[in-house]
Amino acid sequence: MRSTETERMLRLRDVARLPAEVLVKRFEEDFGNLVTAAVADATRRLPAPVRRLLDGLEWHLDWADALVWAEGELQVSAERMTLLGDPRLRRVEGQLRQVRVRLHEARCVAADYRRQDRERLEQGRLLTARATALSWLGKALPEEYAALFAARVAELGIPPLRRHTASRDVFDSIEQAVAQGRLRVTAGPEVTALLELPDDTFRAAVADDVREQNARNVLLRHPLVLRRWHAGLARLCELTVGPARASSATALGRLPVDLAGLPRQEAMQIINARRFFCAVQQRRLDCDRTVRGLMAEIVRRERADPVNTARREAGVHARLRLAEAHPEAYARIREELRAYESDPGHLDPARLTSDVRGALKARLLAELGTGGGDPAPDPPAAQPSPAPRPAPRPKPGAPENRPGRDRPGLGQGRAPRPVPGPPARTATGHPSLRKAACRRAEPSR
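Peer 1: Break down the pattern of salt bridges for me, with residues and values.
Peer 2: Per the counting criterion, the structure on display carries 36 salt bridges. Arg100 is paired through a salt bridge with Glu71; the nearest N and O atoms lie 3.1 Å apart. Of this pair, Arg100 sits in helix H7 (residues 89–121) while Glu71 is found in helix H6 (residues 60–84), placing the two residues 29 residues apart along the sequence. Among the residues examined, Arg100 registers a relative accessible area of 30% and is labelled partly exposed. Ionic pairing is found between Glu297 and Arg301, a salt bridge with its closest N-O pair at 2.7 Å. Taken together, the residues span about one helical turn, with Glu297 and Arg301 both in helix H14 (residues 264–304) at a distance of four residues. The network of salt bridges with common partners includes Arg168, Asp169, Asp172, Glu175 and Arg227.

Pasting the structure below:
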């Protein structure tokens, strides 16, 4: 058994000589192999196919997650080596610096993919001068637009707009989507039993999931459990920040005590607590990643709904009729937008930034008569706000509610896909993987 596990585990020098197809299989066998590949990518030169695999669309989030894991392990390992006088300390500190540089790059790659997703989602909406001018004209003449829109809706026989209860946060949005059938998942007996657990018992289940990398609890990632999972992780952070001597509930930070001056048992308890704290931070962003993926799926389904599609088409029809009735106003908006076109009819986002767009829109609407009131029945159906974080955030002065934004140590984790593995994933779960070779140590009580 031990020899089999050893064969499955990659070494840094193995990564460069294995083809990408073989590496994918090894990643699926054990998360530690993906961590090894991520460290190898950060600390040595790898073949181009392997690098494209790691930062490609299918694996870039898991690659960033592996770098997060590596960052925390290397930081705590360096602290332990300092305590023990380990001669490998200098090499590990060098790896830690390289991993942090690569982790920053991985986050930039992920942000770029998210931007591309948003652009694809919004393609065709206000990306051209014509669409923008028609939209602003409808807002400049809301009463006329509303009448034309209502007439078109009645002509097509479109059902009334489905009104949703206002969501307090993304968890409300997800739970409402499940209740209304917009997110098709079921709450089986296992999910119901998990939700009925007392707080301490549920938190113990969350802690067990934190210690495992290859055998994660799928039930915690169920849409109806996400709210409680997020709260359980936040509570674990609060309980661990003291024993771990962390700088805040979201940042490990530098160790504020000299471990060499403490009794060996107390020093090792701090080291163990810091390792556990890093794992909890990773899971917090795992939760964020799952929430972000579900919100994106809800928005996609809303936009693909036939009724919503028909309402958008009715809105386009109403705006076209409005432009025919007010050609001078439409021409005025088009003339103002012409200075921001990169090609005829195509707006340049580098020129027409959000600030410039807002100021120009406000001025035109005021000049055309309304000061910017929005039309009452906007064509798209009410959609949940696809917030990237899983809870309402106060201002940046409260880092405990902003996981990963200001953390110098480990703490960035997963979001949409809970476990590295095959590209195909669903909103309700992921393939189960084998138990991790090493369990994380919980802080001593």
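Peer 1: Which residues make up the nonpolar core, and what values do they have?
Peer 2: Side chains of a nonpolar character, in soluble globular proteins, are inclined to be buried together. In terms of nonpolar packing, the biggest core is built from 36 residues, with Val15, Leu23 and Phe27 touching the most fellow members. Broken down by secondary-structure element, the contributors of at least two residues to this core are helix H3 (20–29), helix H4 (31–43), helix H5 (48–55), H6 and H7. A total of ten residues in this core trace back to one element, the largest contributor, which is H6. Setting aside anything within four residues of it in sequence, one finds Leu23 in contact with Leu10, Val15, Leu18, Val50 and Leu53. Counting 28 residues, the second largest nonpolar core, distinct from the first, contains Leu194, Val210, Leu236 and Met295.

Peer 1: With reference to specific residues and values, describe H3.
Peer 2: When we look at burial in H3, the residues that qualify are Ala20, Leu23, Val24, Arg26 and Phe27. Each buried residue of H3 sits inside an arc of 165 degrees when the element is viewed along its axis, so together they form one side. Seen from the buried face of H3, the exposed residues on the opposite side, beyond 90 degrees, are Glu21 and Lys25.

Peer 1: Break down the confidence of the model for the protein for me, citing the residues and quoting the values.
Peer 2: Residues of the protein with pLDDT of at least 70 account for 78%, and the chain-wide mean is 79. Between the elements of the protein, mean pLDDT differs from a low of 49, seen in helix H1 (residues 2–8), to a high of 95, seen in helix H13 (residues 226–240). A low-confidence stretch, residues 1–6 stays under pLDDT 50, and its non-local contacts, those more than four residues away or across chains, total zero contacts. The low-confidence segment residues 371–445 (pLDDT under 50) makes 215 contacts with residues lying over four places distant or belonging to another chain.

Peer 1: Which residues make up the packing of H6 against H14, and what are the values?
Peer 2: Between H6 and H14, the shortest axis-to-axis distance is 10 Å and the interhelical angle comes to 170 degrees. Judged on the interaxial angle alone, H14 and H6 are roughly antiparallel. In terms of residue class, the contact of H6 with H14 is built from ten nonpolar, three polar and nine charged.

Peer 1: Kindly report on the side chain of Ser248, identifying the contributing residues and their values.
Peer 2: By the secondary structure assignment, Ser248 is in the loop between H13 and H14. There is a polar contact of 3.1 Å between the side chain of Ser248 and the backbone nitrogen of Ala251. Once residues within four sequence positions are removed from consideration, Ser248 is found in contact with Val241 and Phe277.

Peer 1: Give me the environment of Ile333: which residues, what numbers.
Peer 2: When you line up the elements, Ile333 lands in helix H16 (residues 327–337). Since its relative accessible area comes to 0%, Ile333 is described here as buried. Put simply, Ile333 and Ala129 are 204 residues apart on the chain and 8.9 Å apart in space, counted from C-alpha to C-alpha. Among all residues touching Ile333, those that are not within four sequence positions of it are Ala133, Trp136, Leu137, Leu364 and Leu368.

Peer 1: Outline unusual backbone geometry, supporting the account with residue identities and numerical values.
Peer 2: Positive phi is not limited to glycine here, since Arg245 has a value of about 55 degrees. Looking at the secondary structure, you find Arg245 in the loop between H13 and H14.

Peer 1: Describe in detail the environment of Leu259, supporting the description with residues and values.
Peer 2: Mapping Leu259 onto the fold places it in the loop between H13 and H14. A C-alpha to C-alpha distance of 9.0 Å links Leu259 and Ile271, two positions twelve residues apart in sequence.

Rules used in this analysis
Residues numbered from 1 in each chain as written. Predicted model: local features only at pLDDT ≥ 70, side-chain atom pairs only at ≥ 80, totals over all residues. Heavy atoms only, no water. Salt bridge = Lys/Arg side-chain N within 4 Å of Asp/Glu carboxyl O. Helix = DSSP H or I, 4+ residues; strand = E, 2+ residues; numbered from the N terminus. Buried < 20%, exposed > 50% of the residue type's maximum accessible area, 1.4 Å probe, protein only. Core = buried A, V, L, I, M, F, W, Y, C linked by side-chain atoms within 4.5 Å. Contact = heavy atoms within 4.5 Å. Arc of directions from axis to C-beta. pLDDT = per-residue confidence, 0-100. Axes fitted to C-alpha atoms, helices over the stretch in contact; angles between N-to-C directions. Parallel < 35°, antiparallel > 145°, perpendicular 65-115°, else oblique. Nonpolar A, V, L, I, M, F, W, Y, C, P; charged D, E, K, R; others polar. Polar contact = N/O pair within 3.5 Å; in protein donor to acceptor, adjacent residues only side chain to side chain.

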